[in-house]
Amino acid sequence: MIYIACAMYMEAAPFIRRFACKRDDSFHREQVFVGEEATVIITGTSPVPAAVALSEALALLAPGDEDIFANVGLCGCSDVSVEPGTLYLVNSILEHATGRSFYPDLPYTHKHPHGGLTTFSAVVKDCFGGAFLVDTEGAALYQAAIGHFTTDRMYFFKIVSDHGFDANKISPTVVSELLDRAAPDVSDTLLRFASYVPKKSRYTEDEEAVIDYFCRSLHCSVTMEHELRRLIQYYELERGNAIAHLREFFPLHGLDYEGDVLLRSRKEGKDVLEAFRNSCLC
Amino acid sequence: MFSKHSATPASAEAPLSPYRRPFSTVYVEQAAISYPRTQRILSNLPEHEMILCRDYREIFNRTRQNPVLQKNTQALILAVSDRARVYEGAPVCQDFGNDRFYYSSDVMNCVFDCEYCYLQGMYPSGNIVVFVNLEDTFAELDSILRGEGDSAPENPAYVCISYDTDLLALEPKLGYVADWINYAENHPGLTLELRTKSASIHALRELSVSDRVILAITLSPDPVIRAMEHRTPTLSARLKFAAEAIKLGWKVRLCFDPMIAVHDAAAVYNAMFDEVTAALPMDRIHDASVGLFRISREYLKEMRRNRPCAVTCYPYELSDGVYRYPAAVGDPLTKLAVDRLSEVMPRERIFLWDDATQHED
Ligand code: SF4
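Residues numbered from 1 in each chain as written. Chains lettered and ligands numbered in written order. Predicted model: local features only at pLDDT ≥ 70, side-chain atom pairs only at ≥ 80, totals over all residues. Heavy atoms only, no water.

### Considering the overall build of chain B
Here's step 1: Helix and strand content of chain B: 14 helices and 18 strands.
Here's step 2: The burial tally for chain B puts 59% of its 361 residues in the buried class.
Here's step 3: Summarising the internal contacts of chain B: among those between residues at least 6 apart in sequence, 77% fall at separations of at least 24.
Here's step 4: Carbon and sulfur atoms form 52% of the exposed surface of chain B, whose accessible area is close to 14200 Å². (Helix = DSSP H or I, 4+ residues; strand = E, 2+ residues; numbered from the N terminus. Buried < 20%, exposed > 50% of the residue type's maximum accessible area, 1.4 Å probe, protein only. Contact = heavy atoms within 4.5 Å. Areas by Shrake-Rupley, 256 points an atom, 1.4 Å probe, with all protein chains shown as cover.)

Right, here's the structure in full:
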């Protein structure tokens, strides 16, 4: 799943359309639109409300280890030679108010230019204080999202809308035009990044049932279960089919998966765990 | 400082690997920018994006990094260390008979990616930090060599310079080994150990041979290299490198450490020793070290979380805060190594790691 945070609906609209997202009415305070590949969250503008909205939404949405996060929005740019509509992928974020810096990793190849972003507490029009790209949400959203995503799964796309002095030219029509133009590129890049995130290998339901039976039959404590699962993983990696090994191991120790036979006590379970450990050793 | 974050030009068509080239991003501490060594390193990295930062910890110590993934696309961080980078070897460290045993840590992290590497338990990041103020390390060593605060200053000092990294593998970019050799040549009483899995004969030929340096070459069986020493050279490449080093006049130490209890370990390690003894003039090997994989409890906990794999999931035995192989598994493997080496070199030149030591290069 790709989680896309935008400050305004106008910025989010092309992504809501592209990923066929539907409004999720269970969110009362934030506007959240959910699709199969992406979830779009409208955070509102300026740092504190944006961070609060994103934190609340992510707490409920509970992203997983294979999901990625993106903030997409407009920004100002101090370099007047940079055309409005230019799309940047942010490689560093300075929070102007605190002086703290944040660095997304950007591990994958892509075609977008990089730029440093400075997040101000309010819109700056005439003086960017030496910053290259400026916005009012980036640093806050980084801090709200970092609890849910690792640094390699966070992306900040900024589309130049103005150079400060010409900010008054940005009308709702201009915003829509800029976003409509950038959205296909951003979406394609995000889909590609999401496909690169390493997938965790998982047991099938049937395999999980066998492991679950083993844990129950041994009356495993949490620590015992951790060890047992690690042993199974070790066997799988070093020797081969761990589930087949388990099925051969069970009858030797009075266990019967089909009959759901359980040992009498955890003490017996510990002995069987010890036997299983020895059976896994090289 | 962020004003300097000018845009990086868009790259051409994305190549096939999903990952950006290693060292395509270089973070540079503001304080490091004026160091000649920083400029030298940057000039060895022709296409890179430089990002200025205030403090390397802002990047290296970030919360919620993915060190395993970062190893595929390592960033370089150039920094100025605010403290001495020379440390006294812990009492449990193998000192090869040296009384004054130190290690220096001017580089944190490694270009190679061994699944058993303790650095994964020690650092929150897969990126590499290079401290550019090597002169401060040398100044610290100067005072150590002068014997300041030492009860036995007349004894020679022994310094491992490739401790939390593989310095030789980084030589084309950093040139630190050459700097160290230069320093050692002017400081009698100093012996350096350069531990490596690199097999770059080219990098070796660029260095002036020094009898003050022990080139410690780590050897592993190919099945172990293929399974868990990612991006490292094959056994035959390491043996060619070792043979060339001996020919050039380097003192070569062979390190069979860490030995890993893989499936059918006896056969796997016997095949390796056959290859080693056939490829190298064993009578010209300075010495050898043998050690089983062992790791502190804290590091293994972190490694299991970040990288569940055969070596981290193994059911080790815990004693004194260190995980080790059960004696029934480990002892025969150690014995095999010592027996095989004793056939071709004197026993007193074979050193055993059987303590709670840490570094396995
Ligand atoms: S074990 Fe040595 S060579 Fe391997 S990654 Fe660690 S420091 Fe590098």
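Right, picking up where we left off after that structure.
### Focus on the overall build of chain A
Here's step 1: The helix and strand inventory of chain A stands at eight helices and ten strands.
Here's step 2: Against the 2.2 N^0.38 benchmark of 19 Å for 282 residues, chain A shows a C-alpha radius of gyration of 25 Å, more extended than a compact globule.
Here's step 3: Counting only C-alpha atoms, chain A reaches 80 × 35 × 30 Å along its principal axes.
Here's step 4: For chain A, long-range pairs separated by at least 24 residues make up 72% of all intrachain contacts whose partners lie at least 6 apart in sequence.
Here's step 5: Charged side chains of chain A number 26 positive and 40 negative; the gap between the two group centres comes to 3 Å. (Rg over C-alpha atoms; globule rule 2.2 N^0.38 Å. Lys, Arg positive; Asp, Glu negative; His and termini not counted. Charge placed at Lys NZ, Arg CZ, Asp CG, Glu CD.)

### Section: the domain arrangement of chain A
Here's step 1: By the assigned domains, chain A splits into domain 1 (2–196) and domain 2 (205–281).
Here's step 2: Centre-to-centre, using C-alpha coordinates, domain 1 of chain A lies 47 Å away from domain 2 of chain A. (Domains from an automatic or database assignment.)

### Digging into the sheet that holds strand S8 (residues 128–131) of chain B
Backbone hydrogen bonds hold the strands of a sheet together, and the pairing may be parallel or antiparallel.
All names here are of chain B.
Here's step 1: Read across the open sheet, the five strands follow the order S2-S1-S3-S8-S6; overall the sheet is mixed. The sheet is open, and its two edges are formed by strand S2 (49–53) and strand S6 (107–108), each paired on a single side.
Here's step 2: Relative to S2, strand S1 (residues 25–29) runs parallel, the two being bridged by five bridges. Across the sheet, residue Glu29 finds its bridge partner in S2, namely Cys53. (Pairing = 2+ DSSP bridges.)

### So, the interface of chain A and chain B
Here's step 1: Facing 46 residues of chain A, the contacting portion of chain B comprises 44 residues.
Here's step 2: Buried surface at the junction of chain A and chain B, summed over both partners, amounts to about 3600 Å²; 57% is from carbon and sulfur atoms.
Here's step 3: One can count one salt bridge joining chain A with chain B.
Here's step 4: Put simply, Asp105 of chain A and Arg62 of chain B hold a salt bridge, and the shortest N to O gap is 2.9 Å. (Buried area = accessible area lost by both parts, 1.4 Å probe. Salt bridge = Lys/Arg side-chain N within 4 Å of Asp/Glu carboxyl O.)

### Notes on the sheet that holds strand S17 (residues 322–324) of chain B
Residues and elements named next belong to chain B.
Here's step 1: With respect to topology, three strands assemble into an open sheet ordered S15-S17-S16, the strand pairing being antiparallel. Pairing within the sheet leaves two strands with one partner each, and these edge strands are strand S15 (294–296) and strand S16 (317–319). This sheet shows a mean twist of 30° between the axes of neighbouring strands, independent of strand direction.
Here's step 2: Sheet strands in contact with helix H12 (residues 297–306) are S15, S16 and S17, and its direction is about 95° off that of S15. (Axes fitted to C-alpha atoms, helices over the stretch in contact; angles between N-to-C directions.)

### Some points on the packing of aromatic side chains
Here's step 1: Scanning the model with the defined rule gives 34 aromatic pairs over all chains in all.
Here's step 2: Every member of this aromatic cluster is reached through a ring pair, and the members are Tyr3, Phe69, Phe102, Tyr142, Phe149 and Phe156 of chain A.
Here's step 3: Over the aromatic face of Tyr176 of chain B sits the side chain of Arg37 of chain B, whose NZ or CZ is 5.5 Å from the ring centroid.
Here's step 4: Here Arg304 of chain B stacks its cationic end above the ring of Tyr323 of chain B, 5.4 Å away from the centre of that ring. (Phe/Tyr/Trp six-rings, centres within 6.5 Å; stacked < 30°, edge-to-face > 60°. Lys NZ or Arg CZ within 6 Å of the ring centre and 35° of its normal.)

### Considering helix H1 (residues 36–43) of chain B
Residue and element names in this part refer to chain B.
Here's step 1: Buried within H1 are the following residues: Arg37, Thr38, Ile41 and Leu42. All buried residues of H1 project into a common sector of 135° when viewed along the axis, lining one side. Counted as exposed and oriented over 90 degrees from the buried face of H1: Pro36 and Ser43. (Arc of directions from axis to C-beta.)

### Let's talk about the packing of helix H5 (residues 134–145) of chain B against helix H7 (residues 176–185) of chain B
Residues and elements named next belong to chain B.
Here's step 1: For the pair H5 and H7, interaxial distance at closest approach is 12 Å and the crossing angle is 30°. Considering the angle they form, H5 stands roughly parallel to H7. Crossing handedness for the pair H5 and H7: right-handed. Between H5 and H7, the residues in contact are Leu134, Thr137, Phe138, Leu141, Asp142 and Leu145 and Tyr176, Asp179, Trp180 and Tyr183, respectively.
Here's step 2: In terms of residue class, the contact of H5 with H7 is built from seven nonpolar, one polar and two charged. (Parallel < 35°, antiparallel > 145°, perpendicular 65-115°, else oblique. Left-handed = near helix turned anticlockwise from the far one by under 90°. Nonpolar A, V, L, I, M, F, W, Y, C, P; charged D, E, K, R; others polar.)

### Some thoughts on the pattern of salt bridges
Residue and element names in this part refer to chain B.
Here's step 1: In this structure the tally under the stated criterion is 36 salt bridges over all chains.
Here's step 2: The closest approach of N and O atoms between Glu58 and Arg54, which form a salt bridge, is 3.6 Å.
Here's step 3: On the accessibility criterion, Arg54 (40% relative accessible area) is partly exposed.
Here's step 4: A salt bridge links Arg195 to Asp257, with the nearest nitrogen and oxygen atoms 3.8 Å apart. Of the two residues, Arg195 sits in strand S10 (residues 190–196) while Asp257 sits in strand S13 (residues 251–259), which places them 62 residues apart along the sequence.
Here's step 5: Judged by relative accessible area, which is 4%, Arg195 ranks as buried.
Here's step 6: What you see here is one network of salt bridges that share partners, running through Arg37, Arg40, Glu135 and Asp179.

### A few points about the nonpolar core
Here's step 1: With 146 residues, the main nonpolar core has Phe214 of chain A together with Trp180, Leu254, Ile260 and Tyr269 of chain B as its most contacted residues.
Here's step 2: Excluding its chain neighbours within four sequence positions, the residues that come into contact with Phe214 of chain A are Leu228, Leu246, Phe249, Phe250, Leu255, Val272 and Phe276 of chain A.
Here's step 3: By size, the runner-up hydrophobic cluster in this structure holds 35 residues, among which are Ala12, Leu87, Phe157 and Ala182 of chain A. (Core = buried A, V, L, I, M, F, W, Y, C linked by side-chain atoms within 4.5 Å.)

### Observations regarding the layout of surface pockets
Here's step 1: When its volume is computed, the largest pocket comes out at roughly 1800 Å³.
Here's step 2: Elements that contribute at least two residues to the lining of the largest pocket include exactly helix H5 (205–217) and helix H6 (222–238) of chain A together with helix H3 (67–70), H12 and helix H13 (310–313) of chain B.
Here's step 3: At six residues, H6 of chain A tops the list of elements feeding residues into the lining of the largest pocket.
Here's step 4: Grouping the amino acids of the lining of the largest pocket by side-chain chemistry returns 15 nonpolar, eleven polar and 21 charged.
Here's step 5: No fewer than three residues from each of domain 1 (2–196) and domain 2 (205–281) of chain A sit in the lining of the largest pocket. (1 Å grid on protein atoms, 1.4 Å probe; cavity = no way out; pocket = protein on both sides within 12 Å on 5 of 7 lines; lining within 4 Å. Points joined across faces, edges and corners; volume = space filled by probe spheres on them.)

### What about the environment of Thr39 of chain A?
Residues and elements named next belong to chain A.
Here's step 1: Residue placement: Thr39 occurs in strand S4 (residues 38–42).
Here's step 2: For the pair Thr39 and Tyr3, spaced 36 residues apart in sequence, the C-alpha to C-alpha distance is 4.9 Å.
Here's step 3: Leave out the neighbours within four places in its chain, and Thr39 touches Met1, Ile2, Tyr3, Ile4, Val32, Phe33, Val34 and Leu61.

### Thoughts on the confidence of the model for chain B
Residue and element names in this part refer to chain B.
Here's step 1: In this model, chain B carries an average pLDDT of 90, and 88% of its residues clear a pLDDT of 70 or more.
Here's step 2: A low-confidence stretch, residues 1–7 stays under pLDDT 50, and its non-local contacts, those more than four residues away or across chains, total 23 contacts.
Here's step 3: Here residues 355–361 is a poorly scored stretch, pLDDT under 50, and it has 35 contacts once near neighbours within four places are set aside; other chains count.
Here's step 4: Taken together, the chains of this predicted complex give a pTM of 0.91 and an interface ipTM of 0.90. (pLDDT = per-residue confidence, 0-100.)

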